[in-house]
Amino acid sequence: MAAIAKLFLASLTLLYLSQVLPKKLALGHCELSDIEVEQKSTGEIVKGKTEYEVVINNTCICTQYNIHLDCNGFNTVVSIDPTKFRKIDDYQCSVNNEHPVFTEAPIVFKYAWDIMFDLNPIYSTIACS
Ligand SMILES: *[C@@H]1O[C@H](CO)[C@@H](O)[C@H](O)[C@H]1NC(C)=O
């Protein structure tokens, strides 16, 4: 019995080493938290609302695509280029039409509303080559 248990454990360990570890190593140096969302007021008032500029930057060397931000309640009186930022349901917005955002090529857009919305990254696909 003990021998079978040991064998079982050993094969689980091997499975872990061969399957899980390489993936972790490959993705290890990039995470969702490497998507940086910076916002600031532009100082302009548009249609009575404060205008904000949003910069979405991938600060990691690996490409990230399918980037979704939490945009619950988001609203704006100025239109935003939907290829940069668009609502996909009540809670999520997609960035750059789901296309990759490369480091040092941030996505920039403006919106105007009474308040600044938290636009936290909630999802991305990470592609390290
Ligand atoms: C985007 O991230 C890269 C890598 O950290 C950094 O060098 C660059 O200055 C950032 N760009 C902006 C606009 O924050």
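Residues numbered from 1 in each chain as written. Predicted model: local features only at pLDDT ≥ 70, side-chain atom pairs only at ≥ 80, totals over all residues.

**Observations concerning the sheet that holds strand E3 (residues 63–70)**
This is how it is decided: Two strands pair if DSSP finds at least two bridges between them. What counts as a helix is a DSSP run of H or I of at least four residues, what counts as a strand is a run of E of at least two, and both are numbered from the N terminus. For helices, the axis comes from a line fit to the C-alpha atoms of the stretch in contact; other axes are also lines fit to C-alpha atoms, and the angle between any two N-to-C directions lies between 0 and 180 degrees.
Sheet architecture is open: four strands sit in the order E4-E5-E3-E7, paired in antiparallel fashion. Each edge of the sheet is formed by a strand with only one pairing partner; in this case those strands are strand E4 (85–87) and strand E7 (120–127). Strand after strand, the sheet turns through a mean of 25 degrees between neighbouring axes, direction not considered.

**Topic: the nonpolar core**
Definition in use: Put simply, a nonpolar core is a cluster of buried Ala, Val, Leu, Ile, Met, Phe, Trp, Tyr and Cys residues tied together by C-beta atoms within 7 Å. Residues with at least 20 neighbouring C-beta atoms inside 10 Å of their own are called buried, those with 12 or fewer are called exposed, and the rest are partly exposed, where every C-beta is derived from the backbone. Residues are defined as contacting one another if the C-beta atoms placed from their backbone atoms lie within 7 Å.
Grouped together as the largest cluster of nonpolar side chains are 13 residues, with contacts concentrated most on Val54, Ile56, Leu69, Cys71, Cys93, Val95 and Leu119. Going through the elements one at a time, strand E2 (49–58), E3, strand E5 (92–95) and strand E6 (107–113) are the ones with two or more residues in this core. The element best represented in this core is E2, accounting for three residues. What valine 95 contacts, discounting residues up to four positions off in sequence, is Ile56, Ile67, Leu69, Phe85, Val101 and Ile107.

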